[in-house]
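# Structural features, examined
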Amino acid sequence: MTPRQKLNNLPLFQKILFIVLSNIFLIMILSVLGLRLCTGACSELIYKTTAGNLTHSAYTISNHLKSIENVSSSIIAAPEIQTSLCLVDEVEDRSLWTNANRIINNSLQTYQSSVNNNGVSFLMIQNDHFYNSTYTVWKSRLSEESLQAAIDAAAEKNGAAAWTPADPGSNALLMSREIRKIENLSLNRLGTLIIYVDLDQIIRKANAAAAQFSDSQYILYSGTDRIYFSKSLADQDMDQITASSSRRYQTFKLDGHTYFTVHNTIPGYQLEYYNLVSYDEITRALNSSMTSIFFILSAGVVLTVAVSYYMIRSVVKHFNILIQKMDKFSRDEAAILSTKYDSDYAYRKDEIGQLHQGFERMTKRIQHLVNTNYVNELLAREAQIKALESQINPHFLYNTLGTISWRAKAVNNREISLMTDSLSTLLRATLSNKKSLVTLAYELDLIRSYITIQEIRFEERLDYCVQVPDCLKNALIPPLTLQPLVENAIHYALEEIVDTCHITILAEESEPGGILLISVTNSGSSFDDDLLMLLKENKKQPVRSGIGLLNIDKRIKLLFGETYGLSLSNEGDCAVASITIPYHTEESAPC
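Let me begin by describing the structure that accompanies this report. (Residues numbered from 1 in each chain as written. Predicted model: local features only at pLDDT ≥ 70, side-chain atom pairs only at ≥ 80, totals over all residues. Heavy atoms only, no water.)

Contact pair helix α3 (residues 79-90) / helix α4 (residues 94-115): the axes reach a minimum separation of 9 Å and the direction vectors enclose 150°. In terms of their interaxial angle, α3 and α4 are classed as roughly antiparallel. α3 and α4 meet at a crossing whose hand is left-handed. Judged by residue contacts, Glu80, Ile81, Ser84, Leu85, Leu87 and Val88 of α3 engage Leu96, Trp97, Ala100, Ile103, Ile104, Ser107 and Tyr111 from α4. Split by residue class, the contact of α3 with α4 holds 10 nonpolar, 2 polar and 1 charged. (Axes fitted to C-alpha atoms, helices over the stretch in contact; angles between N-to-C directions. Helix = DSSP H or I, 4+ residues; strand = E, 2+ residues; numbered from the N terminus. Parallel < 35°, antiparallel > 145°, perpendicular 65-115°, else oblique. Left-handed = near helix turned anticlockwise from the far one by under 90°. Contact = heavy atoms within 4.5 Å. Nonpolar A, V, L, I, M, F, W, Y, C, P; charged D, E, K, R; others polar.)

On the secondary structure map, Asn127 appears in the loop between β1 (120-126) and β2 (131-133). By relative accessible area, which is 5% here, Asn127 ends up buried. A distance of 2.8 Å separates a polar atom in the side chain of Asn127 from the backbone nitrogen of Phe130. If we skip the residues at most four places from it in the chain, Asn127 touches Leu85, Val88, Asn132, Leu190 and Gly191. (Buried < 20%, exposed > 50% of the residue type's maximum accessible area, 1.4 Å probe, protein only. Polar contact = N/O pair within 3.5 Å; in protein donor to acceptor, adjacent residues only side chain to side chain.)

Let us now look at the pattern of salt bridges. By the definition in use, this model includes 10 salt bridges. Between Lys181 and Glu90 there is a salt bridge; the shortest N-O distance is 2.9 Å. On the criterion of sequence distance, the pair formed by Lys181 in the loop between β4 (172-180) and β5 (189-198) and Glu90 in helix α3 is long-range, its members being 91 residues apart. The shortest N-O distance in the salt bridge between Arg180 and Glu178 comes to 2.7 Å. Note on Arg180: relative accessible area 24%, which makes it partly exposed. A relative accessible area of 5% means that Glu178 is categorised as buried. In the salt-bridge network here, residues are joined through shared partners; they are Asp128, Glu178, Arg180 and Arg189. (Salt bridge = Lys/Arg side-chain N within 4 Å of Asp/Glu carboxyl O.)

Assignment of secondary structure puts Leu286 in helix α8 (residues 280-331). Sequence-wise, Leu286 and Thr39 are 247 residues apart; in three dimensions their C-alpha atoms are separated by 8.2 Å.

This part takes up the packing of aromatic side chains. Across all of its chains, the model carries 6 aromatic pairs by this definition. Ring geometry for Trp163 against Tyr269: centres 5.9 Å apart, planes inclined by 85°, an arrangement best described as edge-to-face. Residue Trp163 is located in strand β3 (residues 162-165), and its partner Tyr269 is located in the loop between β9 (257-265) and β10 (272-278); the two are separated by 106 residues in the primary sequence. In this structure, Trp163 and Tyr269 share a single accessibility class: buried. Taking the centre distance of 6.4 Å and the plane angle of 75° together, the rings of Phe560 and Tyr564 count as edge-to-face. (Phe/Tyr/Trp six-rings, centres within 6.5 Å; stacked < 30°, edge-to-face > 60°.)

Looking now at the pairing of strand β14 (residues 501-509). Here strand β12 (residues 462-467) runs beside β14; their pairing, made up of 6 bridges, is parallel. Bridge pairing in β14 places Leu462 opposite Cys501. With 7 bridges connecting them, β14 and strand β15 (residues 515-523) associate as antiparallel partners. Paired with Ala507 across the strands is Ile518, a residue of β15. (Pairing = 2+ DSSP bridges.)

Moving on, we come to α3. In this model α3 runs 16 Å from its N-terminal to its C-terminal C-alpha over 12 residues, within 8% of the 16 Å that 1.5 Å per residue would give. Among all positions in α3, only Ile81, Gln82, Ser84, Leu85, Cys86 and Val88 are buried. (Expected span 1.5 Å × (residues − 1).)

Set out below in structure tokens:
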């Protein structure tokens, strides 16, 4: 048994429950998919918002570094520094050096106060003879190797700012820049400006700009050198972060915690950074929301199933009661099952009430027919059938008409004899002929008998003419095809006018062995426009002749196909009924 057959054989209760559960399951799947889409869109929005805020801190760092470069431009162009360094470079007088050294120190201290907020720990100027620094113990924070690397980097930049890492683990950057002689645009090297930048201070200020991420952690790289990292990060943590951060921003787990990471470069500087913020709170909020939504959906499904089960049972039980009533009644027409719901069914107006009320009415009518009318009805029906059989017995009719004709001839009444013989011919054709096709000659003989009766009735007012070649009289047509058309002409023309009615039957073959065209034309009447179409579409109620026209058209189409049939038209003052059928004879008749 196929699954469809199994489903069809299920009880109504199980079918409805199956439909409801299928819909609930489908809604559940669509809800979960929609929830995933919404969650994904929400997470993506959170990612972009978080990444945007964290990227803002990178711009803050870039602005601090650019501010330091701007201050460095002022320092190397300051007149007192230019003059003092030129004096040291050109004169070998130590007393003059001492005065120049004091001027340089004072100028550096002034500039130091203006860049303290930018994370600058100290400023220093190196020349060929001595160092000037705003931090007297600068050697405790800056090694000779880092200092020389900064000086070399500045030399390569030819006066532009160069950024180099300070000593490993110091979380500091060195900005170095050559001081060149401006006077006379000689651009001779006078010394090198070195600015020691504390990245901790800059990054704290950058994080403060994004207040919601004040706990963010940074890792800065210059090339492959790690120049800064937050103190809370261990080496293995940083290695894992840099190895797993393949995208610009993403989340990943570290030591059981979820972090959001942005991986990019400081704008305007070749410094690669990784910025991390804790994502645990957002993750907990999302998971809590998802859990609550799934719980609500699950509870809704359970509640819906329970309510659906109860409601379906409350409906189906009434159908089961009706089935029990029908089953009991089918076994014994005198027994009707009574239930406690019968009084309710009598007043219900829904489908259940209508079914039970209809069944009650049906059982009462059946019982009445069985108990009161059944036997009498059978006896009366049998008597009617016997009477009809005797009335329409063809031999009885033919013998009776033959007797009438013989009596008319005996008294020399030709008209009565002629009408009786014609009526006998008509009845014999209509009651005895069982063929689906007859010859055109046979049909014309039948019409001749009918016309004979009508000529006696209407005398000279009926003019009947047949224009059918002898070669076409053996053509086969459906029986009683032309006679109803002639009868229709007499009914609508001759009976309605006082003038002579001309009826003409014309037959022709469109091509040898092709199509036979037969037309019945009468004067004194006309057909309504599209009469057959109106009759078919019930837009015009058919009377006796209308039913005959439809019958002729349907029989022809059933026998020969939709391309053949009856058509009605008007030509001048005459109505024309035309029949189109294939030309066949008894020798060439289709099987």
